[in-house]
Amino acid sequence: MKIKEKASTGYLKYELKNFEKLPVKIWEDSVEASRHVARSVALAIRQRQQDGEHIVLGLATGSTPIKVYEELVRLHKEEGLSFQNVISFNLDEYYPMPKEAQQSYWRFMHEYLFDHVDILPENIHIPDGTLPMEKIADYCEEYEKLIDLAGGIDIQLLGIGRTGHIGFNEPGAWETSPTRMVRLDHLTRHDASKDFQSGDDVPYRAITMGVGSIFKARTVYLMAWGQHKARIIQQAIEGEITTSVPASFLQKHPNVKVVLDKSAAEELTKMKSPWLAGICNWTDDLICKAVVWLSQKTGKPILKLTDEDYNEHGLSDLIIEQANSY
Ligand code: GLP
């Protein structure tokens, strides 16, 4: 797996190796990261305005995009960013869900964004959680058509659930899935229960844009903050493409930007075991971390580790470093 080359010193040297199958940008914290995303969205809105054209935004809910919306509101209020040329499509909504309910995504979007900017109400689209069941299939088909009629989504904002869901596309969702009614995963309902009176009040279903609908967006920002997202982010970005982690389908999209804070990036190889990625600035802490890692990996006590163990697990640089320091 590892690519080795003979350096001029004669030592075997590990080249930089990229484990990430999507471009990732890691920020010190989620505030900085959110500002970066908001500025990119604002730039795209303004560019379209200059050309006299509209822009189609795919919007997400959950705690992740809140600071992006706050920054967009600030840009509107303090820097004159207009939303008059914006057409929006939201990813999902619980089902059933009255619009005015505390937990509705309709309410969320108005509270965090729409009520504070000059977007035209007729340009806002949020899946309707109030329709009778028998009308849902036609409604979902219509939602897809409306996106297409608007010219397709230019920028799609996404969070990620701990199940690896995007929108409400839970494990098992297929790659070309369209907007449709879905059942929520147990873990998703558990995570959502903080917003409801009790876990039992979390709806069992939702209407969501599909993986296929999301895939049609021209640019996708996948955002994640916090350590609780680190494991699923690693799987989505470094793992195999699998329906068990629907976000991993994004690896096939030509223009996805993953935006993380440091905690959400913790499980990425370059952060967790940077020696495997070939980018090591050997501090005492990192040396300890690497040696413990090697001991666990080989199942050997630290004092029994051999040069071969170090070499075979991408830690030859460490032996060289230590040898040079004596
Ligand atoms: C919900 C939303 C998703 C969102 C996810 C993550 O399930 N339907 O679109 O990405 O939550 O939530 P949070 O951003 O609060 O972690």
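Above this text you will find the structure in question.
Remember, predicted model here, so these are calculated numbers, not experimental data.

Undergrad: When you look at the pairing of strand β12 (residues 256–261) in this model, what are you seeing that I'm missing?
TA: The side chains of a regular strand alternate, first on one face of the sheet and then on the other. Burial of β12 is extensive: 5 of the 6 residues sit out of reach of the surface. Two strands pair when backbone bridges link them, and strand β3 (residues 24–27) and β12 are joined in this way by 4 bridges, in the parallel orientation. Residue Ile26 lies in a different strand from β12, and its bridge partner there is Leu260. Of the pairings in the sheet, the one linking strand β11 (residues 219–224) to β12 comprises 5 bridges and is parallel in character. Across the sheet, the residue bridging to Tyr221 is Lys257, located in β12. A crossover links β11 with its parallel partner β12, the connecting element being helix α7 (residues 230–238), and its sense is right-handed.

Undergrad: How should I be thinking about the sheet that holds strand β9 (residues 180–183) in this particular structure?
TA: Working definition: the strands of a sheet are paired by backbone hydrogen bonds and lie parallel or antiparallel to each other. Strand order in the open sheet formed by 3 strands is β6-β10-β9, and the pairing between neighbours is antiparallel. Sheet topology places β6 (92–95) and β9 at the edges, where each strand pairs with a single neighbour. Taking the axes of each pair of neighbouring strands and ignoring which way they run, one obtains an average angle of 30 degrees across the sheet. Pairing of β6 with strand β10 (residues 205–208) involves 4 bridges; the strand directions are antiparallel. Looking at β10, one finds that Asp92 is bridged to Thr208. The strands that helix α4 (residues 136–149) touches are β6, β9 and β10; relative to β9, the one it contacts most, it runs at about 115 degrees.

Undergrad: Help me understand the site of the ligand, please; the structure alone is not making it clear to me.
TA: Residues in contact with the ligand, as listed here, are Thr61, Gly62, Ser63, Thr64, Asp92, Tyr105, Gly159, Ile160, His165, Gly167, Phe168 and Lys229. Contact distances for the ligand include 2.7 Å between a nitrogen atom and a side-chain N or O atom of Asp92. Between the ligand and Lys229, the relevant distance is 2.6 Å, taken from an oxygen atom to a side-chain nitrogen or oxygen of the residue. Within the shell around the ligand, the residues separate by chemical class into 3 nonpolar, 7 polar and 2 charged.

Conventions we followed
Residues numbered from 1 in each chain as written. Predicted model: local features only at pLDDT ≥ 70, side-chain atom pairs only at ≥ 80, totals over all residues. Heavy atoms only, no water. Buried < 20%, exposed > 50% of the residue type's maximum accessible area, 1.4 Å probe, protein only. Helix = DSSP H or I, 4+ residues; strand = E, 2+ residues; numbered from the N terminus. Pairing = 2+ DSSP bridges. Right-handed = clockwise from strand over helix to strand, strands pointing away. Axes fitted to C-alpha atoms, helices over the stretch in contact; angles between N-to-C directions. Contact = heavy atoms within 4.5 Å. Near = heavy atom within 4 Å. Polar contact = N/O pair within 3.5 Å; in protein donor to acceptor, adjacent residues only side chain to side chain. Nonpolar A, V, L, I, M, F, W, Y, C, P; charged D, E, K, R; others polar.

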